[in-house]
Structure formats: C-alpha cells, structure tokens
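For reference, the chains in residue letters:
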Amino acid sequence: MPEGHVIHRLANTFQEDFADHEVRVSSPQGRFAGEAAALDGHILTGAEAVGKHLFINFDVPGANRIHIHLGLIGKLGFAPVAEPVGQVRLRIVADDRAADLRGPQWCRLITEDQYQKVLADSGPDPLRGDADPARGWARIRRSGKSIASLLLDQRVAAGVGNIFRAEVLFRHGIDPTTPGREIDEATWKVLWEDLVGLMAVALERGRIDTVADEHGPEAQERPPRVDAHGGEVYVYRRAGQPCLVCGTEVCTTVLEGRNLYWCSRCQRSHRASD
C-alpha cells in the first residue's frame, strides 16, 4: 500500500496540471459512470491528500469531491491521452493529459459532511501544515499496544506505513515492542519531527531515503540498494543482512499481518536516542 508521500505527490500533480481546468470525467470500466457523468465538463478546483486519502474537488453543488483510497492494489497514473488500457475505474482529462485510476479500494463521490468525517477520523498527517501531533500522542500514551503497531494506526500518524514505521524506530533506537504507554512525550515529539522530515524528503524525491551520509553506499563502499519500494534504508526489507550501523543481522517478524524489521542491538531503548 502506498505511503502518504505518494498520495501527496498525486495530489500535487492534480493541483499543478488539472486545477482550474474544465475536465472530461468518465469511467471506462463503468463502475463510476453515474458519478463521472455528474462531474463531466465541470471545473476541477483542486486536490489534497490526508494521510492515504486523496480528494479531488469540483465546482458542483452537493457531492463535489471524489474520494480515493488506493488500498493494496490501486494505481493512479498520468499520461498523454490514449485509449484506456485495462479496468480504468476513473479517467480525468485536461487538455491532452489523462489521469487513469485502476483497482482502488475506494472511489466515491462524497459531500462536505462526509469529507469532514474523514478528516475527523484521520490522525495528524506529517506532511500537512495543519497537523496536530498531540492527537497522535493522546492515543499512544494510554495504549498497551506496541509502538510498532501504533505507528501503523492511521489515527496516530496518517500516511505512515511499514517503511517509515520501521525506519523511524531504528533511527532513534526504539525497541519496536515497547508499549505505547511506556513511550514518553519527549520521545513522541522526536519521532514525529523525524517523520515530518523524512516524509518531506520522500515527497520531494519520490523515494524513501532514511540513511545518514556516514552509512550510505559511498561512505561504506557498498553497492547502492536496489528495491522498487524506495532508496537507502536501514532495516526495511533487509532481514538477515548486516545492520549498517553495528553489523548485527536485521531481524524480522510478522506483527498484526505486516512484516516488521529491526536491529536487536541498536534498538533496545524505550526512549529516543540523541
């Protein structure tokens, strides 16, 4: 499932290339045909992301936002206009540029009240200027769940996924099994601020890089990491490989249906390291 920076990049593309255009909206697959017809020929006024939710807004009364959640298999791509390929749920065309959506978990037309409910149900998003990390802390501080589980709770930190979860805990030496109620507020602030920075870099680059220069390929005279999921990382999908800091084999286990990665030597603390 895409992490939050991917959804923000999609929103930015809509904002830059489609906003303030009269657009053609269709559903080649047919499953969104009625809603598409209601929007066809109207102005696309903008787009935004909240965690893993994408909203595309139009200048029509009533239900005027398309709400998209890509889920595990959804894809949203941009290309010059051509015949649609595959099961395209939604197509939006501005001039000669098309946005095609395939296989989303959700694609629905929503009202203002429904939009506000999604906002209320979402946790703070590290990539949004209006984020309030205290909302995430309120859930962490009273929970017996592990901090590793809590970081994937979209009510704690919207948009954080498996990669950012594993990497931010490693970067601050936090034992992923630490119960949320044993994480102090200062540690949460450190984790939050690092997520803000890491996700901003990922938004800019279009890939996730979490490794400091001193642990990078050039400094360590090793080949660059090659992985479709991102750039240089410390532990994510590196099970059995040596930790880039201490050399211990990176561990993995399944936690609540997701693969968790960590270093048993570097990550022993309940508090963030300096």
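All figures in this text were calculated on a predicted structure; none of them were measured in a lab.

1. Details of the domain arrangement of the protein chain
Domain boundaries assigned for the protein chain yield domain 1 (4-121) and domain 2 (133-263). Using only C-alpha atoms to locate each centre, domain 1 and domain 2 end up separated by 30 Å. Of the residues lining the interface, ten residues belong to domain 1; the matching set on domain 2 comes to 15 residues. Where domain 1 abuts domain 2, roughly 800 Å² becomes buried across the two surfaces, and 57% of that area is made up of carbon and sulfur atoms. Together, His 5, Arg 9 and Lys 52 form the three largest contributors to the area buried by domain 1 at its contact with domain 2, with a combined 60%. Across the domain 1-domain 2 interface, the total number found is zero salt bridges. The interface formed by domain 1 and domain 2 contains three residue pairs in polar contact (both at pLDDT 80 or more). For the side of domain 1 that touches domain 2, the elements supplying multiple residues, two or more each, are α1 (4-17) and α3 (112-121). It is α1 that contributes the most residues to the side of domain 1 that touches domain 2, five residues altogether. In terms of residue class, the side of domain 1 that touches domain 2 is built from two nonpolar, five polar and three charged.

2. Structural notes on unusual backbone geometry
Even without glycine at this site, Glu 221 takes up a positive phi of about 50°. Along the chain, the position of Glu 221 falls in the loop between α8 (217-220) and β10 (251-255). Even without being a glycine, Arg 237 presents a positive backbone phi close to 55°. In this fold, Arg 237 is placed in the loop between α8 and β10.

3. Observations concerning the sheet that holds strand β6 (residues 75-80)
An order of β2-β7-β8-β6 is seen for the four strands of this open sheet, with the pairing classed as antiparallel. Edge positions in the sheet fall to β2 (24-26) and β6, since each has one partner strand and no second. Each strand of the sheet is rotated relative to its neighbour by a mean of 15°, with strand direction disregarded. Where β2 lies against strand β7 (residues 88-94), three bridges are found, and the strand directions are antiparallel. Paired with Arg 24 across the two strands is Val 93, which belongs to β7. Set on the sheet, α1 makes contact with β6, β7 and β8 (97-102); between it and β6 the angle comes to about 30°.

4. Thoughts on the pairing of β10
Look at any regular strand and the pattern is simple: side chains alternate between the two faces of the sheet. Here β10 runs beside strand β11 (residues 258-262); their pairing, made up of five bridges, is antiparallel. In the strand pairing of β11, Cys 251 is matched with Trp 262. Hairpin geometry of β10 and β11 is characterised by an intervening segment of two residues between the two adjacent antiparallel strands and by a positive phi of about 50° at Glu 256.

What counts and how
- Residues numbered from 1 in each chain as written.
- Predicted model: local features only at pLDDT ≥ 70, side-chain atom pairs only at ≥ 80, totals over all residues.
- Heavy atoms only, no water.
- Domains from an automatic or database assignment.
- Contact = heavy atoms within 4.5 Å.
- Buried area = accessible area lost by both parts, 1.4 Å probe.
- Salt bridge = Lys/Arg side-chain N within 4 Å of Asp/Glu carboxyl O.
- Polar contact = N/O pair within 3.5 Å; in protein donor to acceptor, adjacent residues only side chain to side chain.
- Helix = DSSP H or I, 4+ residues; strand = E, 2+ residues; numbered from the N terminus.
- Nonpolar A, V, L, I, M, F, W, Y, C, P; charged D, E, K, R; others polar.
- Pairing = 2+ DSSP bridges.
- Axes fitted to C-alpha atoms, helices over the stretch in contact; angles between N-to-C directions.

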